[in-house]
Amino acid sequence: MDASSSPARPKMPPRLPRSLPSSHSIASTFSPGSSTPGSWTVSPWNRDTPDTSPPSSDAGSPKLQAKQADDSGRISPVEGSLDGQPRFGVVRSICFVGAGFVGGPTAAVIAYHNPQIQVNVVDLNEERIKSWNSAHLPIHEDGLLKVVRTARDGALDKTLVLPGLPRAIELKQRQPNLVFSTRVVDAIEEADIIFICVNTPTKTHGIGAGSMADVSAIESATRTVAKHAKEGAIIVEKSTVPCGTAQMIQDILRYYRPDVEFEVLSNPEFLAEGTAVENLMHPDRILIGSAQTLAGLRAAAVVKDVYGAWVPAARIVTVNTFSSELAKLVANTMLAQRISSVNAVSAMCEELGLGADVEDVSLAIGKDARLGSKFLQAGVGFGGSCFEKDILNLAYLARELHLDVVADYWLAVLRMNEDQRRRYARNVVRELNGSLRGKKIAILGFAFKDGTNDTRNSIAVHVIKDLAMEMPREIAIFDPGCASAEIREEVEKAGLTASQLERIKILTNWRDCVQEASAVCILTQWKQFRGRKLGSATSSNKKTRKLAADWATSCVADKADISEMDILALEELVRDKSSATTGDDPLERLAPLAPCPEECSHCRIGSAEAHDQEPVDWAEVAGMMQEPRWVFDGRNVVNRLELQSLGFRVRGIGKGF
């Protein structure tokens, strides 16, 4: 669906105005009249940043859905020709239901690369929509604001005369084609493709509590889609879901619209928080699952064309729906498995002593082409909203299929992760003479990983809970990317007593955090914590920038139709030729940001709570801490020898010395 593939662009439907809805309660799946948009309000998706995950109700159980699947119409992609009269027309409008971590960035990047398609993102959380329509996005991701501004606000006419290019480049004005709104029904009614990107948290009560995924938000959203989607619309499940959820969606659609045929596809996300925009711009793969029927394959081809505007065809993989749903769960589980495996090795290195170093082991095995080097970095453990949840769901599925050995195998990954973080806390207490009474502990890092402000299921909150049980004088927390209110909220949910909570202080700079501390615990691998000598652009980044600039010089100048990917290359050319800092808009083509209202809470909080982005000066820290000046490096980010020369005692992960 790239604009350059057709001489005439289809007329874009009118943009939706931005307005705010009311709220109602959720009704049961097949309750008549329950599919109004307000029925989602109780669902988690419109109150918390969406996750993605698997199983929920008996009607959606994998075993039952597998039995209901009809194989009579299945054909192979090779046997089923896609030639002839297409069932689906040109895509003019796409709707994303859910404006969280998955829906918001994915919609922005699709709109960014498909300026001829109107992309509407709808959510019932009014504050979240206000954030998406402002300069203060609800999600912290590198490069996201620029992508959103380009598609949401449009871009200006620009004539570029750049060194190295044989002629001037004309960049035409770009009209806005991305709208964030609470007008749910309007967006669904006009959409040719509807992505469902709502929350699927782990159930907290009832059958499967603590393991099973709660798909009630998907059920609720699907009821509304069923009532209002136009005939022939393609429905795409984007949330992480149990195997068989596509069949559940299809059942709901057939209940409300028995005379209309909808194709339901699976298109799971493979985004890593902190690098979501990079993952979307340069994906390893785009996975599309569909029914292996002619209609299903045609629907998959339509969605493939949308991604094909910037993703090479070889990286777009089409499979059957069940395989697509399962692949997402297995991918996250196997990534977590690698982390737990190397953490198991780190425990052995520490107990062996004799100079054993897990980083040396990781380097050695990472050179094996069959294994590779990714996800072999030992640490205090993995956190976040995805890995643990997806492992629990995969194990629950195995239990339902009477595969207890398989379930225990996957759950061992979680047991290893839990033991790693508890062992870390035990080591802190042991090295401080078995007691934290009267001592201050400094926590550097609270987000579950660097590059994000996501505090959900952070490793830090588990470690803090274990340390708080020792009743230290104070536990001081500093994170350069997280709001103090969000940290406080997660800590308060940890189940600490009032006496323990009053000992926890959340600070906005590292100096106050480490002042008079007996020990520093590094729990997030922010580059600021490495020290003053690090944090500059790497040679790898410079090489990548140079390659992009060279490509722009040789290719872009000859093109008549400049794509957004071409413009990115031009931006790298400007950065490569300029010694000054150029910011996110080196071509100066973005429309100016609208000023925030005077009562903007984000601006008020930002000015009152400016987080320190300065790299930690460990020489200064040495003079601020109390003996014995321990540094417990839970991410192996500091230079151990350098810190030891400053008088610190340093304990890393997997260091047998």
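Before reading on, note that the structure itself is shown above.
Note that the coordinates shown come from a computational prediction; the quantities given were computed from them, not determined experimentally.

Cut-offs and rules
Residues numbered from 1 in each chain as written. Predicted model: local features only at pLDDT ≥ 70, side-chain atom pairs only at ≥ 80, totals over all residues. Heavy atoms only, no water. Axes fitted to C-alpha atoms, helices over the stretch in contact; angles between N-to-C directions. Helix = DSSP H or I, 4+ residues; strand = E, 2+ residues; numbered from the N terminus. Parallel < 35°, antiparallel > 145°, perpendicular 65-115°, else oblique. Left-handed = near helix turned anticlockwise from the far one by under 90°. Contact = heavy atoms within 4.5 Å. Nonpolar A, V, L, I, M, F, W, Y, C, P; charged D, E, K, R; others polar. Core = buried A, V, L, I, M, F, W, Y, C linked by side-chain atoms within 4.5 Å. Buried < 20%, exposed > 50% of the residue type's maximum accessible area, 1.4 Å probe, protein only. Salt bridge = Lys/Arg side-chain N within 4 Å of Asp/Glu carboxyl O. Phe/Tyr/Trp six-rings, centres within 6.5 Å; stacked < 30°, edge-to-face > 60°.

Draft legend 1. Structural context of the packing of helix α2 (residues 103–113) against helix α4 (residues 144–153). Where α2 contacts α4, the axes come no closer than 9 Å and their chain directions differ by 55°. Looking at the two axes, α2 sits oblique to α4. Seen from above, α2 lies across α4 with left-handed handedness. From α2, Pro 105, Ala 108, Val 109, Ala 111 and Tyr 112 reach across to α4, where they touch Leu 144, Lys 146, Val 147, Val 148, Thr 150 and Ala 151. Each residue belonging to the contact of α2 with α4 can be placed in one class, and the counts come to nine nonpolar, one polar and one charged.

Draft legend 2. Spatial organisation of the nonpolar core. If you look at the biggest cluster of nonpolar residues, it comprises 64 residues, and the most contacted ones within it are Leu 467, Ile 477 and Trp 618. When residues no more than four places from it in sequence are discounted, the contact partners of Leu 467 are Ala 425, Val 428, Val 429, Leu 436, Ile 441, Ile 443, Pro 472, Ile 475 and Cys 521. Counting residues in each nonpolar core, the second largest holds 48 residues, with Val 91, Ile 234, Leu 271 and Trp 310 among its members.

Draft legend 3. Up close: the pattern of salt bridges. A complete count under the given rule lists 25 salt bridges for this structure. Between Lys 655 and Glu 359 there is a salt bridge, and its shortest N-O distance comes to 2.5 Å. With Lys 655 in the segment after β16 (649–651) and Glu 359 in helix α11 (residues 358–366), this pair connects stretches of sequence that are 296 residues apart. Look at Glu 359 and you get partly exposed, because its relative accessible area is 39%. In this structure, the salt-bridge partner of Glu 620 is Arg 511, at a minimum N-O distance of 2.7 Å. Of this pair, Glu 620 sits in helix α21 (residues 618–624) while Arg 511 sits in helix α17 (residues 510–514), placing them 109 residues apart in sequence. Given a relative accessible area of 30%, Glu 620 falls into the partly exposed group.

Draft legend 4. Representation of the packing of aromatic side chains. For the coordinates displayed, the defined rule picks out ten aromatic pairs. Plain terms: the ring middles of Phe 96 and Phe 195 are 4.5 Å apart, the flat faces sit at 5° to each other, and that makes the pair stacked. Residue Phe 96 is located in strand β1 (residues 93–97), and its partner Phe 195 is located in strand β6 (residues 193–196); the two are separated by 99 residues in the primary sequence. The residues Phe 96 and Phe 195 share a single accessibility class, namely buried. Each ring, one from Tyr 307 and one from Trp 310, has its centre 5.8 Å from the other, and the planes form 55°; the classification is tilted. Given a relative accessible area of 9%, Trp 310 falls into the buried group.

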